[in-house]
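Here is how the chains run, residue by residue.
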Amino acid sequence: MLDKRIKVKKIQDLGAGNHLLRLASPKQAGLTRPGQFLMLKCAQGINDPPLLRRPYSIFDIWRQPKTGHPAGMDILVKNVGGGSARLAGLKPGDAVQVLGPLGRPFEVPVGLGNRIRFACLVGGGVGIAALLLLARKLLEQNTHPVLFYGGRVPDDLVLREPFERLGIETHYTTEDGSMGERGQVTLPLEGFLSRYARAGLRVYACGPWGMMKAAHNLAVRHEVPCEVSLEARMGCALGACLGCTIRAWDEKGEEQFLRVCQEGPVMSSRTVDWETPPI
Amino acid sequence: MAAKKPPQGGRNQIKSVKTSVEISGVQFKNPVLTASGTFGYGLEFAHLVDLSSLGGIVVKGISMKPIKGNPPPRIYETASGMLNAIGWQNIGAVEFITRKLPALRKYDTRVVVNIVGFDLEEYLEVTRFLNDCPGISALELNISCPNVKKGGFHFNKNPRDAFEVTDKTRKASPRLPLWVKLSPNVTDIREFARACADAGADALSVVNTFVGMAIDTEKRRSRLRFGTGGLSGPAIKPIALRMVWEAAREVKIPVIGVGGIATTSDALEFLIAGARAVQVGTASFYNPAASQDIAEGLERYCRSHSIADVNELVGSLKT
């Protein structure tokens, strides 16, 4: 992990307040594994407000066209005011202080394709940002990733094309059915699990707490493993401040507090206490 | 952030600056330490900060037995600061001594252990245990944490209690110097500074966090599960500075300034107000190298201002 002041290469307006920020940092890009995140200083000066850096999933690694070497990271920023508004306002050439890559990545064991047939990727809103690198890794291991992507309205379903380009099966949902199926993303997931759980499945989820909790409950009911990528307010992201903990259960079923920045952001959904949201 | 480099080769430039400070017989290579609870066990920052560039590291509060801490959410950012209610989560003294301290001792810096407990006997137990452990330069008695329901904070209710816990802990640590970390959540910090000094404290860390609150107006719930939290960061600096100034004039033992220090200039203010050393806290969260930057910045300041010994700054406030 490195703490570097790096350049914004490009910023793409995806509509509805969503922006794809392309950062130039070959070293950090080269270290990145699927599910890891960056801590971005949203203000220009290190002591300017907002003080604390903000965690963002690494959506993609972009590469040098000629050599194919990693050149930097893409992150998805939804402008919800505060620090995110500052990031959304960055221009190409601006510098930003970036710590990372950080955290425990998704688990994709070598040869996973021999044991499971499908990997269900469940994304809600900007939670999609944690899933693209994972989808690629799963394809490398000869599994079949299937994307379940839900939002309130069609505008929430950003960055669908990079998944579609992978040629994987996709299921979209919106609340009113104006794009894809009507209802929650767990609806098509449930149908899929009922049909294929016996063929060997894994669930990987990133999105709002309620969505991940529902995905976890389905995974438990169908007896399939489930990993979730969690969100928490973070202080240092180095494991020191103990501010980003979630309530979880240890092997004996006793309460413990795990740091989202160290033991996460990706954890087995079965360790999480779903009754205690961390935000 | 590093202070601006002074012009080089000026007429008044001096070659070497004495940066070391002494606190109750222990030499610190410079007056910049990290504050307890903001730098973990030090090792978390080792790949981003040259730990050997620091005067010392005050590690996260240690209790005899491990403590799980408070349920989340535990932190919330506020204007120029943050609230926390971690609740003393720590790995316990035995784990610290066997798993963390040996790695930390490889660095050329001082290790100060902040100690916590839910009652007096727990304080004494962890003090006796650590007093026998090599590799520790001082103990910092935490009687001022606002984020636990019993113990700790209780001893800060009146100067008599502060005297008693300091006196008993002092006697339980015959080998190690004892610092006492004071709470700012009192009417007159001078009374507490005096009581702890009278009880035999070797130094005072002034101050811990200020009790604060933030509310989610949609949910009408506190932003922190614990309810209240300790406010830290630049927001508290002017108040902490005033308290350091008051405490330093009240007692003869060294005062260590803590509270919102983020830049070299902040650290200088505390030294001038009377602090023998400073601790960098919340700044390490958003600028991991803040403490190293400040240690280097102080030396640059002394050089450019023809100050041969950093101790000349201590308590140099003009009236």
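Calculation criteria
Residues numbered from 1 in each chain as written. Chains lettered and ligands numbered in written order. Predicted model: local features only at pLDDT ≥ 70, side-chain atom pairs only at ≥ 80, totals over all residues. Heavy atoms only, no water. 1 Å grid on protein atoms, 1.4 Å probe; cavity = no way out; pocket = protein on both sides within 12 Å on 5 of 7 lines; lining within 4 Å. Points joined across faces, edges and corners; volume = space filled by probe spheres on them. Nonpolar A, V, L, I, M, F, W, Y, C, P; charged D, E, K, R; others polar. Helix = DSSP H or I, 4+ residues; strand = E, 2+ residues; numbered from the N terminus. Contact = heavy atoms within 4.5 Å. Buried < 20%, exposed > 50% of the residue type's maximum accessible area, 1.4 Å probe, protein only. Pairing = 2+ DSSP bridges. Axes fitted to C-alpha atoms, helices over the stretch in contact; angles between N-to-C directions. Phe/Tyr/Trp six-rings, centres within 6.5 Å; stacked < 30°, edge-to-face > 60°. Lys NZ or Arg CZ within 6 Å of the ring centre and 35° of its normal. Core = buried A, V, L, I, M, F, W, Y, C linked by side-chain atoms within 4.5 Å. Polar contact = N/O pair within 3.5 Å; in protein donor to acceptor, adjacent residues only side chain to side chain. Buried area = accessible area lost by both parts, 1.4 Å probe. Salt bridge = Lys/Arg side-chain N within 4 Å of Asp/Glu carboxyl O. Parallel < 35°, antiparallel > 145°, perpendicular 65-115°, else oblique. Left-handed = near helix turned anticlockwise from the far one by under 90°. pLDDT = per-residue confidence, 0-100.

Asks: What's the story with empty space enclosed by the protein in this structure? I'm lost.
Replies: Taking a probe equal in size to a water molecule and rolling it over the atoms shows the remaining empty space. As enumerated under the stated definition, the model contains two cavities of 30 Å³ or more in all. Put simply, the largest cavity is a space of about 450 Å³. Along the wall of the largest cavity there are 33 residues; nearest its centre are S36, T38, N84, N208 and T209 of chain B. Broken down by class, the residue content of the lining of the largest cavity amounts to 14 nonpolar, 17 polar and two charged. For the second largest cavity, the calculated volume is near 30 Å³. A232, R233, G243, C244, T245 and P278 of chain A together with P73, R74 and I75 of chain B are the residues that line the second largest cavity.

Asks: What am I meant to see in the layout of surface pockets here?
Replies: Reported here for the second largest pocket is a volume of approximately 560 Å³. Around the second largest pocket sit 24 residues that line it, and F257 of chain A together with I67, Q89, N90 and I91 of chain B are the ones nearest its centre. The biggest single contributor to the lining of the second largest pocket is strand β15 (residues 255-259) of chain A, with five residues. Residue composition of the lining of the second largest pocket, grouped by class: eight nonpolar, five polar and eleven charged.

Asks: Would you mind showing me how to read the environment of L317 of chain B here?
Replies: Residues and elements named next belong to chain B. With respect to the helices, strands and loops of the structure, L317 is situated in the segment after α8 (290-304). Measuring from C-alpha to C-alpha, the distance between L317 and E269 comes to 8.9 Å, with 48 residues separating the pair along the chain. When neighbours within four sequence positions are excluded, L317 is seen to be in contact with W245 and I272.

Asks: Would you explain the pairing of strand β15 (residues 255-258) of chain B in this entry?
Replies: In regular strands, side chains alternate between the two faces of the sheet. Residues and elements named next belong to chain B. Alternating positions in β15 separate into two faces, V255 and G257 on one and I256 and V258 on the other, with burial throughout. For strand β10 (residues 203-206) and β15, the ladder comprises three bridges, and the chain directions are parallel. Opposite L204, over in β15, you have V255 as the bridge partner. Pairing of β15 with strand β16 (residues 277-280) involves three bridges; the strand directions are parallel.

Asks: Got a minute to help me understand the sheet that holds strand β6 (residues 70-78) of chain A in this structure?
Replies: Two strands in a sheet stick together by hydrogen bonds in their backbones, pointing the same way (parallel) or opposite ways (antiparallel). Residues and elements named next belong to chain A. The seven strands lie next to each other as β4-β3-β7-β1-β2-β6-β5, forming an open sheet whose pairing is antiparallel. Strands at the two margins of the open sheet, each flanked by one partner only, are β4 (54-57) and β5 (60-63). For this sheet the average axis-to-axis angle between neighbouring strands, irrespective of direction, equals 40°. Judged from the four bridges that link them, β5 and β6 form a sheet pairing that is antiparallel. Bridge assignment links R63 to a residue of β6, and that residue is P70.

Asks: What exactly am I supposed to notice about the environment of R33 of chain A here?
Replies: Residues and elements named next belong to chain A. Checked against the element boundaries, R33 lands in the loop between α1 (26-31) and β3 (37-40). Owing to a relative accessible area of 47%, R33 belongs among the partly exposed residues under this scheme. Sequence-wise, R33 and D60 are 27 residues apart; in three dimensions their C-alpha atoms are separated by 9.9 Å.

Asks: Would you mind showing me how to read the packing of aromatic side chains here?
Replies: Aromatic ring pairs are reported here in terms of the distance separating the ring centres and the angle at which the planes meet. All told, the structure shown has twelve aromatic pairs over all chains when counted by the stated rule. The interplanar angle of 85° and the centroid separation of 5.6 Å between the aromatic rings of F106 of chain A and Y204 of chain A together place this pair among those described as edge-to-face. Of this pair, F106 of chain A sits in the loop between β7 (95-102) and α3 (112-115) while Y204 of chain A sits in strand β12 (residues 201-206), and the two are 98 residues apart along the sequence. Across the pair, Y204 of chain A and F106 of chain A agree in class, each one buried. Ring centres 5.5 Å apart and planes at 70° place the aromatic pair F148 of chain A and F192 of chain A in the edge-to-face group. Here the residue F148 of chain A occupies a position in strand β9 (residues 144-151), and F192 of chain A occupies one in helix α6 (residues 186-196), the gap between them amounting to 44 residues. According to the relative accessible area criterion, F192 of chain A is buried, its value standing at 2%. One aromatic cluster is present, formed by F118, F148, F192 and Y196 of chain A through successive ring pairs. The aromatic ring of F257 of chain A is capped on one face by R74 of chain B, whose charged end is 4.8 Å from the ring centroid.

Asks: Before we go on, may I ask you to explain the nonpolar core in this structure?
Replies: The nonpolar side chains of a soluble globular protein tend to be buried with one another. With 145 residues, the main nonpolar core has L230 of chain A together with V113, W179, L204 and V206 of chain B as its most contacted residues. When residues of this core are assigned to their parent elements, the largest contribution, six residues, is made by helix α7 (residues 209-221) of chain A. Grouped together as the second largest cluster of nonpolar side chains are 28 residues, L20, L112, L131 and L147 of chain A included.

Asks: So what exactly am I meant to see when it comes to the environment of N84 of chain B here?
Replies: Residue and element names in this part refer to chain B. Relative to the elements of secondary structure, N84 occurs in strand β6 (residues 81-84). Each C-alpha atom, one on N84 and one on V58, is 18 Å from the other, the two residues being 26 residues apart in sequence. At 3.4 Å, the side chain of N84 and the backbone nitrogen of I86 are in polar contact.

Asks: Help me understand the interface of chain A and chain B in this model?
Replies: Quite often, the size of an interface is put as the accessible area lost when its parts meet. Counting from both sides, the interface comprises 33 residues of chain A and, opposite them, 34 residues of chain B. In total, about 2800 Å² of surface goes out of reach between chain A and chain B, with carbon and sulfur atoms giving 63% of it. When residues of chain A are sorted by the area they lose upon contact with chain B, L51, R233 and F257 of chain A head the list and together hold 23% of the total. Here chain A and chain B share one salt bridge between them. Between E77 of chain B and R54 of chain A there is a salt bridge, with its nearest N and O atoms 3.0 Å apart.

Asks: Looking at this structure, how should I read the packing of helix α5 (residues 237-250) of chain B against helix α6 (residues 264-273) of chain B?
Replies: For any two helices packed against each other, one specifies the inter-axial angle together with the distance between the axes. All names here are of chain B. At a closest axis distance of 8 Å, the pairing of α5 and α6 adopts a crossing angle of 25°. When the interaxial angle is binned, α5 and α6 end up roughly parallel. Classified by chirality, the crossing of α6 by α5 is right-handed. Residues K237, A240, L241, V244, W245 and A248 of α5 form the contact with α6, whose own contacting residues are D266, E269, F270 and A273.

Asks: Explanation requested: the confidence of the model for chain B in the structure shown.
Replies: When pLDDT is low, close inspection of the predicted coordinates is not appropriate. The predicted model of chain B has a mean per-residue pLDDT of 93, with 93% of residues at 70 or higher. Across the whole predicted complex the pTM is 0.95, and at the interface the ipTM reaches 0.95.

Asks: Is there a simple way to explain the sheet that holds β12 of chain A in this structure?
Replies: Residue and element names in this part refer to chain A. As summarised here, the arrangement of the seven strands in space is β11-β10-β9-β8-β12-β13-β16, forming an open sheet in which the pairing is mixed. Edge positions in the sheet fall to β11 (181-182) and β16 (266-268), since each of these pairs with one other strand and no more. In terms of strand pairing, strand β13 (residues 226-229) meets β16 through three bridges, oriented antiparallel. Following the sheet pairing, V228 is matched in β16 by M267. This element, helix α4 (residues 132-140), spans β8 (118-124), β9 and β12 of the sheet and lies at about 175° to β8. Contacting β8, β12 and β13, α7 crosses the sheet at an angle of about 170° to β12.

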